[in-house]
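Residues per chain are reported as follows:
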Amino acid sequence: MNSLRRMLQILDLYGAHTPVLDVETICTRLSYPPATTYRYLKELCNSGLLIRSPEGYAPGPRFIEMDLLIREFDPLVSRCRPLLRSLVEQTGLDVLIGQQYGERILTTHQETGPERFELLFGRGRTMDMFRSSTARIVTAYLPTRHLRRLYEKNQNIDYVQRLGKEWPAFSAHMQELRRAGYCITKEQINPGIAGISAPVFDDAKRIFGSLTLLGSLERFEAINPEALASLIQPAARAVSRALAQV
């Protein structure tokens, strides 16, 4: 592993439960010697990716700068914004773009509708690969070997077991989602919220992420599920085509 990759692994340690890390924790988690850790931290601070605080090291201002660039100039969102706004206007639901990131899904964009609810996994937050429609439809399109490895790693979690207590049942459930081409979940993460998601693919036809319509159960259930599917599936295909042109 080269030194750049080793240095960047420090950033992987940060999350909702670890917003600030001290040197001892970083050394322990990554098995790096203190001298190496201090050198990497100095470089990350000089680049603005980390900042020194009384408790240790926290994400730095460079992330805020990059986030602004993404919000204003993301090429995929720029190409798709009229389509996303059209979905919001037709349904009164919010629209999310979710992107696969390792073994999790990151919400990279949200177009808000009239309900203005607060999502537990809105833009910038990650979720695992099983609980929401945004993540589950992505999981369904993973290559079989990857999917089985992911299942075996998480099969003892209760909400994973509800999708299949053994691999054959879980695999059959994922195949059902692939045949349907969309996934609907209700109150999986956000109480009172339902969603429907369709897959988005990159230019090599690999699963990239998903497009989701979501809103309150009352508004969601007032619309026929088939009608929502007829909107989200062609929209997701359009986002896939836009992604191929980025």
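Everything in this summary refers to the structure shown in the same document. These numbers come from a predicted model, not from an experiment.

Conventions used here
- Residues numbered from 1 in each chain as written.
- Predicted model: local features only at pLDDT ≥ 70, side-chain atom pairs only at ≥ 80, totals over all residues.
- Heavy atoms only, no water.
- Core = buried A, V, L, I, M, F, W, Y, C linked by side-chain atoms within 4.5 Å.
- Buried < 20%, exposed > 50% of the residue type's maximum accessible area, 1.4 Å probe, protein only.
- Helix = DSSP H or I, 4+ residues; strand = E, 2+ residues; numbered from the N terminus.
- Contact = heavy atoms within 4.5 Å.
- Pairing = 2+ DSSP bridges.
- Axes fitted to C-alpha atoms, helices over the stretch in contact; angles between N-to-C directions.

1. Topic: the nonpolar core
Generally speaking, soluble globular proteins have nonpolar side chains that are buried together. Residues Leu76, Val95, Ile196, Val200, Leu211 and Leu213 are the most contacted members of the largest nonpolar core, which totals 25 residues. Among the elements of the structure, α5 (75-91), β3 (94-101), β7 (193-201), β8 (207-216), α10 (217-221) and α11 (225-245) are those that each provide at least two residues to this core. Ranked by the residues each element gives to this core, the list is headed by α11, at 8 residues. Not counting residues up to four positions away in its chain, the partners in contact with valine 200 are Arg206, Ile207, Phe208, Gly209, Ser210, Leu211, Ala236, Val239, Ser240 and Leu243. Counting 23 residues, the second largest nonpolar core, distinct from the first, contains Ala135, Ile137, Ala140 and Leu163.

2. A few points about the sheet that holds strand β4 (residues 104-111)
Ordered in space as β5-β4-β3-β8-β7-β6, the 6 strands form an open sheet in which the pairing is antiparallel. Each edge of the open sheet carries a strand with a single partner, namely β5 (126-127) and β6 (183-186). For β4 and β5, the ladder comprises 2 bridges, and the chain directions are antiparallel. In the strand pairing of β5, leucine 106 is matched with threonine 126. Here α5 sits on the sheet in contact with β3, β4 and β8, set at roughly 70 degrees to β4.

3. Comments concerning the environment of leucine 211
Position of leucine 211 among the secondary structure elements: in strand β8. The class of leucine 211 is buried, set by a relative accessible area of 0%.

4. As for the pairing of strand β1 (residues 50-53)
Alignment of β1 against strand β2 (residues 56-59), held across 4 bridges, turns out to be antiparallel. Across the sheet, residue arginine 52 finds its bridge partner in β2, namely tyrosine 57. A loop of 2 residues connects β1 with β2, the two strands running antiparallel in sequence.

5. Some words on unusual backbone geometry
With the exception of glycine, the majority of residues adopt a negative phi angle, and the majority of peptide bonds are in the trans configuration. In this model, serine 31 sits at a positive phi of 60 degrees, which is unusual for a non-glycine residue. Relative to the helices and strands, serine 31 resides in the loop between α2 (23-30) and α3 (34-46). Accessibility expressed as a relative area gives 64% for serine 31, which makes it exposed. Here the phi dihedral of lysine 205 falls at roughly 65 degrees; this positive angle occurs in a residue that is not glycine. Within the secondary structure layout, lysine 205 lies in the loop between β7 and β8.

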